[in-house]
Amino acid sequence: MSRITRSTLDKRFPRYDAFDPDVPAWCVTPDKNGFIHRFFETSPISPSGRYLAVTRLPVEDRLPDPGERAALAVVDLTTGERETVGTTAGWDTQMGAHVHWGDDDTELFYNDLDTDTWTPYGVKLTLESGERRALDGTVYDVSDDGATLTSPDLLKTRMTQAGYGAVVPDEMIPRNDGAPENDGLYVTDTDTGETELLVSVAEIVSELDLDCSDHGPGDYYGWHSMWSPDAERLLFHLRYWPETGRQNRWVSNLVSMRADGSDLSLAMPSEPWQRGGHHHRWTPNGERVTMNLSGRRRTDPVRLLPAGRQRPSRAR
C-alpha cells in the first residue's frame, strides 16, 4: 500500500481552506474544472492508495447532449501528475462513466457508448499497455476482486431519474411493461466479457410478492446494484414508476440475493422508504445494510433488516 501523508499532499496539491475545515482537504485537480468521481459507496482511490480515477465532464453549464465525450483521468497522489487515459460517450452528470478500479492499480472499468446504435457497454482498460477491451455488459458496480460487474439496464435508469446512466436521444430509451421477464439485474464476467440476466424483474416481483398497484398502474425498473465486500451477495434497488399518482414519484424496494441470484429477500420494503430515504450501502462485514431514512419520529426508529435473512426462497 502506498502511504500518502499530509506532507506529500502539501507538496503536490493546494490546501482547501475555505470555511476553515476541521479536517484537512486538498484540491487534486487545481488547474481545471469538471472532474467528478462516481457514487458514495465505492472509492475513486486505487487499491494501493496511490492513484485517483475521475471523469472530466465536457460541460457544466448545461445538460449534456447525446454523444458528447467526457475524459477519463488518473491522478498520481504521490507525484501530483495527472494523465488522461481515455474518452467516453457513456456518461452522465451524477456518476460520470461509472469509473471503477479492478483488483489492483493496473485495471480500470468504465462505460462507453456506441453512438451508431446508442448502445452502452463496459470497457476494461489495462493502464500499463493501454489495451481497451469492450465488454458485453455495462458497469454499475465492480466486485472487489475485479472479476464481475453488475448493472441494471443502464439506459432505463433514465426512466426514473436522470444522471446515472448514459445520455441518448429520448426515443432510444427502452420502456418496460409491468414486471418484465427480459429485464432485471445483469452480471458480466470481466475475463470473458460475457453478460447474463442473473434475475429478472418478473422473478423478483413474483418471489417476494411485491405489489405496488395501490400507487396506480405502472412499471418496474432496476436502479442501483451493489456487490457486498466479499462478493457473496448483491443489492438491487427496484423501482416502481406509476403512470399517475403522487407527482409520478417512484416506489422503491431494496432486494438482496446471493451472487448466483438465489436466496432473494427484501432488505428494505417500500413503506418506510416512501417517507424519505436514500443512499443505501453494505456494511464492511457484508452482513447488514445501512441507509438514510427521514420523516420519522425519534420514538419510531427503523432499522434495516439483515440482508438475506428475512424470507426464504426456492433454491436455484
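For the structure itself, look to the data block above.
This is a predicted model, so every value here is computed, not measured.

Participant: Looking at this structure, how should I read the packing of aromatic side chains?
Facilitator: Working definition: an aromatic ring pair is given by the centre-to-centre distance plus the angle between the planes. Scanning the model with the defined rule gives 4 aromatic pairs in all. Ring pairing ties together the aromatic residues Y164, W223 and W250, which thus form one cluster. The lysine or arginine in question, R239, covers the ring of W223, its NZ or CZ lying 3.2 Å from the ring centre. Over the ring of W250 we find R239; its NZ or CZ atom is 3.6 Å from the centre of that ring.

Participant: Explain the pairing of strand β10 (residues 148-151) to me, please; I cannot follow it from the model alone.
Facilitator: For a regular strand, side-chain orientation follows a simple rule: the groups alternate between the two sheet faces. Note that strand β9 (residues 141-142) and β10 share 2 bridges and pair antiparallel. Residue V142 lies in a different strand from β10, and its bridge partner there is L149. Between the end of β9 and the start of β10, which pair antiparallel, lie 5 residues, with G146 showing a positive phi angle near 70°. As judged from the 4 bridges shared by β10 and strand β11 (residues 184-189), these two strands associate in the antiparallel manner. Looking across to β11, one finds that L149 is bridged to T188.

Participant: Quick question: what am I supposed to make of the layout of surface pockets here?
Facilitator: Empty space among the atoms becomes visible once a probe the size of a water molecule is rolled across them. Considered as a void within the structure, the largest pocket measures approximately 470 Å³ in volume. Lining the largest pocket are 21 residues, and of these E41, T42, S43, V142 and D144 lie nearest its centre. Of all elements in the fold, only β5 (100-101), β9, β13 (218-227) and β17 (277-282) reach the threshold of two or more residues within the lining of the largest pocket.

Participant: Looking at this model, I keep getting lost on the nonpolar core. Mind explaining?
Facilitator: In a soluble, globular protein the nonpolar side chains are often hidden away together inside. I204, L210, Y220, L238, V255 and M257 are the most contacted members of the largest nonpolar core, which has 21 residues in total. Residue assignment for this core shows that the elements contributing at least two residues are β11, β12 (195-200), α2 (201-207), β13, β14 (233-242) and β15 (251-258). A per-element tally of this core places β14 first, with 4 residues. When near neighbours in sequence (up to four residues on either side) are disregarded, V255 contacts I204, L208, L234, L235, F236, L264, S265 and L266. If you look at the next biggest cluster of nonpolar residues, it comprises 14 residues, including A70, L72, W101 and V123.

Quick notes on the rules
- Residues numbered from 1 in each chain as written.
- Predicted model: local features only at pLDDT ≥ 70, side-chain atom pairs only at ≥ 80, totals over all residues.
- Heavy atoms only, no water.
- Phe/Tyr/Trp six-rings, centres within 6.5 Å; stacked < 30°, edge-to-face > 60°.
- Lys NZ or Arg CZ within 6 Å of the ring centre and 35° of its normal.
- Pairing = 2+ DSSP bridges.
- Helix = DSSP H or I, 4+ residues; strand = E, 2+ residues; numbered from the N terminus.
- 1 Å grid on protein atoms, 1.4 Å probe; cavity = no way out; pocket = protein on both sides within 12 Å on 5 of 7 lines; lining within 4 Å.
- Points joined across faces, edges and corners; volume = space filled by probe spheres on them.
- Core = buried A, V, L, I, M, F, W, Y, C linked by side-chain atoms within 4.5 Å.
- Buried < 20%, exposed > 50% of the residue type's maximum accessible area, 1.4 Å probe, protein only.
- Contact = heavy atoms within 4.5 Å.

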